[in-house]
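Tertiary structure, described
One letter stands for each residue in the lines below.
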4 protein chains.
Amino acid sequence: MKVVVDLAVEPIGTGSTSISKYVNAAIEVLKRRGLKVYPAPSMTSFELEDLSQLGYILKEINDELEKMGVKRVVTFLKIDDRRDKETSIQHKLEAVNEQKH
Amino acid sequence: MKVVVDLAVEPIGTGSTSISKYVNAAIEVLKRRGLKVYPAPSMTSFELEDLSQLGYILKEINDELEKMGVKRVVTFLKIDDRRDKETSIQHKLEAVNEQKH
Amino acid sequence: MKVVVDLAVEPIGTGSTSISKYVNAAIEVLKRRGLKVYPAPSMTSFELEDLSQLGYILKEINDELEKMGVKRVVTFLKIDDRRDKETSIQHKLEAVNEQKH
Amino acid sequence: MKVVVDLAVEPIGTGSTSISKYVNAAIEVLKRRGLKVYPAPSMTSFELEDLSQLGYILKEINDELEKMGVKRVVTFLKIDDRRDKETSIQHKLEAVNEQKH
């Protein structure tokens, strides 16, 4: 069953208040791995077939940011792991957008 | 200066794994207050002109959920408060979507 | 009924990977307001009698950090609002420490 | 270099507002793996030598909760990955407690 993860990476100590290049680098890592990615204003959602893989992905993101000169990364994650029925980014989006119509 | 807030409400003890009606109730509170709201798959972003108002909004959401029978709400928030230049949901969305093109 | 809040402040763009002086400034704001505060390794817990007050507290913290030169603050919060029975930092600590013995 | 992780597990749909047995089950998983664990009121901190392992740990926790009857788990995580110098729960605790004295 798919797990939906929300991710925010916060580079600490960069000397600049702009962080979009680091956020975009994180999104690139997710896409290179072929994950379904949905960038939102402040968090990025992605789908995982196997929660076990999450650590490798986060490490790859932080390694990438380190190459860009970031010496400390604080990451915030929300993980939605539903075992009773299939979930997905698409399903979750529909659930919050139904009321709009 | 605007503050961008990301919100997730998790009702605890409802007896159902479905939470979309509670998430939608929270979104309704935000819209009734005239806030700019952007529902994402797992979090809802909204803009605040004045961070001082956040507590009233969260209390109104939890009161609404209590009326719906929820006895415990765990809320997760990410707040982006930028003092050097104007930020907004629109600006943040553009920053993460530029790379797509 | 008390609400238990967990807080993490992340100063963005400071040029230093050390953030403890900012975390301590946030804790000082909480203490000056007479709140019960429990500093943990990565988050700070505090008790609120009235959730409505949260926005004022967060604004005071960010104003304090701005005076210290921080131009952008990302804040993470977890709020536990229980309506069926009284909760507190002490109660929650006991619940997770019982198994130790 | 060690990574410090803060974890909160929220069981959804259990029918009870009490979650301490699930939180304690998560802590047990961390301890069985020999990790350094620091239970705080609302989050549990632990140290990881290798961030790659995080997914396996989270999956084991959610599998354990599923055995206890939980059909949906929402997890919140804060990860502090510092590459410029060694960090630890002990170091972070000292940094926020210095001002107390």
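Presented here is an overview of the structure given in this document.

Reading the values: the criteria
- Residues numbered from 1 in each chain as written.
- Chains lettered and ligands numbered in written order.
- Predicted model: local features only at pLDDT ≥ 70, side-chain atom pairs only at ≥ 80, totals over all residues.
- Pairing = 2+ DSSP bridges.
- Helix = DSSP H or I, 4+ residues; strand = E, 2+ residues; numbered from the N terminus.
- Axes fitted to C-alpha atoms, helices over the stretch in contact; angles between N-to-C directions.
- Contact = placed C-beta atoms within 7 Å.
- Nonpolar A, V, L, I, M, F, W, Y, C, P; charged D, E, K, R; others polar.
- Least-squares fit on C-alpha atoms with pLDDT ≥ 70 in both.

**Thoughts on the sheet that holds strand β4 (residues 72-82) of chain A**
- Taking strand neighbours across the sheet as the criterion, the 8 strands line up as β2(A)-β3(A)-β1(A)-β4(A)-β4(D)-β1(D)-β3(D)-β2(D) in an open arrangement whose pairing is antiparallel. Single-partner strands in this sheet number two, and they are β2 (37-39) of chain A together with β2 (37-39) of chain D. Between one strand axis and the next, the sheet turns through 20 degrees on average, direction left out of account.
- Its contacts with the sheet place helix α2 (residues 54-67) of chain D against β4 of chain A together with β1 (3-11), β3 (44-48) and β4 (72-82) of chain D, and it is angled at close to 25 degrees to β1(D).

**A short note on the interface of chain C and chain A**
- Taken together, the contact between chain C and chain A spans 12 residues of the former and 12 residues of the latter.
- Breaking the side of chain C that touches chain A down by element, the ones donating at least two residues are β1 (3-12) and β4 (72-82) of chain C.
- At 3 residues, β4(C) tops the list of elements feeding residues into the side of chain C that touches chain A.
- Class assignment of the residues belonging to the side of chain C that touches chain A gives a composition of 4 nonpolar, 5 polar and 3 charged.

**Quick notes on the interface of chain C and chain D**
- Tallying the contact residues gives 27 residues for chain C and 27 residues for chain D.
- Of all the elements in the fold, those that place two or more residues in the side of chain C that touches chain D are β1, α1 (20-32), β2 (37-39), β4 and α3 (89-97) of chain C.
- At 6 residues, the largest contribution of residues to the side of chain C that touches chain D is made by α3(C).
- Along the lines of polarity and charge, the residues of the side of chain C that touches chain D split into 14 nonpolar, 7 polar and 6 charged.

**Quick look at the relation of the copies chain C and chain D**
- Superposing chain C onto chain D takes a rotation of 180 degrees combined with a translation of 0.0 Å along the rotation axis, leaving an RMSD of 0.0 Å. As the rotation angle and translation indicate, the two copies are arranged about a two-fold axis. Considering only C-alpha atoms, the residue of chain C closest to the rotation axis is C:Ala40, which sits at 3.1 Å.
- Comparing interface residues between copies, 100% of those in chain C also sit at the interface in chain D, which points to an isologous, same-surface contact.

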